[in-house]
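So you can see what is in the structure, the chains are spelled out below.
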Amino acid sequence: MTEARHGRERVLVARGLSKSYRIGEVDVHALRGVDLDVYRGEFVVLLGASGSGKSTLLNLLGGLDTPTSGTASFLDHDLSRASEAELTRFRREHIGFVFQFYNLIPSLTARENVALVTDIVARAMDPAEALGLVGMAHRVDHFPAQLSGGEQQRVAMARAIAKRPDVLLCDEPTGALDYETGKIVLDAIARINQQLGTTTVVITHNAAIAGMADRVLRMADGRIVAAEENAHRLAPSELRW
Ligand code: ADP
Ligand code: MG
């Protein structure tokens, strides 16, 4: 049992969480009844083949989407019953998202991209502080086109964490990056989790990344089919793939 789970405060809870899409005459079952508890401060890695339901699960936990049946909750809030406006507020206040593609505004500097978020939430960090946490203090006035892919992803991470979210949700954050750059981004994610205590869920199809986690969940065909706890978490520099 790792340190992060001693407190055992459940931050995210899924019960019977299911999502289906109707495509013409066919129902696609993207998620088939997932039960999951994610604890405060925990680092969870979600593995699984393409199409296994990883993104669907993350999007439901983060209030980007609503389930067909079952519930997703954040602390005492049942997201499955929330209105669009409530979900928007929930995401803004509590969740940081990082995706494979960085979605930075090209005409704004790194600092200005982060300030888009810090300007609209209470108790946000200074953009420069958030950029410093991901090792980008020396690039605050650069535009996205002047940054490498890994640097752009770290700006996207600074934007996600600057509001001090309770939860950081990362969907294939290194999917577009080379090996070394991917490790730098993973290192930044691990540091945020440890320094800020941010509950973190990272989707990847790279099984080597599982060594960084407190807990590793494997998905197949819309279900969680295996869960393991790591006795020790590895630093990204110790991972090999
Ligand atoms: P993963 O992230 O593991 O690759 P997804 O959660 O994206 O998997 O998708 C799970 C299944 O749901 C796949 O079969 C996918 O094609 C289907 N799916 C996901 N989103 C949609 C959508 N908006 N419309 C129709 N089918 C979808
Ligand atoms: Mg996906």
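Residues numbered from 1 in each chain as written. Chains lettered and ligands numbered in written order. Predicted model: local features only at pLDDT ≥ 70, side-chain atom pairs only at ≥ 80, totals over all residues. Heavy atoms only, no water.

Participant: Would you mind going over a nonpolar patch on the surface with me for this structure?
Facilitator: Together, Tyr21, Ile23, Val26 and Val28 make up a nonpolar patch on the protein surface, roughly 350 Å² of accessible area in all. Those elements giving two or more residues to the nonpolar patch turn out to be strand S1 (10-23) and strand S2 (26-39). (Patch = residues over 30% accessible without salt bridge, like charges linked within 9 Å, V, L, I, M, F, W, Y side chains within 5 Å. Areas by Shrake-Rupley, 256 points an atom, 1.4 Å probe, with all protein chains shown as cover. Salt bridge = Lys/Arg side-chain N within 4 Å of Asp/Glu carboxyl O. Helix = DSSP H or I, 4+ residues; strand = E, 2+ residues; numbered from the N terminus.)

Participant: What am I meant to see in empty space enclosed by the protein here?
Facilitator: Space left empty within the atom packing is revealed by a probe, the size of a water molecule, rolled over the atoms. Scanning the entire structure with this criterion turns up one cavity of 30 Å³ or more. When its volume is computed, the largest cavity comes out at roughly 30 Å³. Every residue lining the largest cavity is listed: Leu60, Gly63, Asp65, Thr66, Pro67, Ala72, Leu79, Ser80 and Leu87. Looking at side-chain class alone, the lining of the largest cavity contains five nonpolar, three polar and one charged residues. (1 Å grid on protein atoms, 1.4 Å probe; cavity = no way out; pocket = protein on both sides within 12 Å on 5 of 7 lines; lining within 4 Å. Points joined across faces, edges and corners; volume = space filled by probe spheres on them. Nonpolar A, V, L, I, M, F, W, Y, C, P; charged D, E, K, R; others polar.)

Participant: Looking at this model, I keep getting lost on the sheet that holds strand S6 (residues 95-98). Mind explaining?
Facilitator: Backbone hydrogen bonds hold the strands of a sheet together, and the pairing may be parallel or antiparallel. The six strands lie next to each other as S6-S7-S8-S3-S9-S10, forming an open sheet whose pairing is mixed. What marks the edges here is a single partner per strand, and that holds for S6 and strand S10 (223-229). Adjacent strand axes in the sheet meet at a mean angle of 15 degrees, parallel and antiparallel pairs treated alike. Strands in contact with helix H1 (residues 54-61) are strand S3 (43-48), strand S7 (167-171), strand S8 (199-203) and strand S9 (215-220); relative to S7, the strand with the most contacts, it is inclined by about 155 degrees. Together, S6 and S7 form the strand contacts of helix H5 (residues 149-161), whose direction differs from that of S6 by roughly 170 degrees. (Pairing = 2+ DSSP bridges. Axes fitted to C-alpha atoms, helices over the stretch in contact; angles between N-to-C directions. Contact = heavy atoms within 4.5 Å.)

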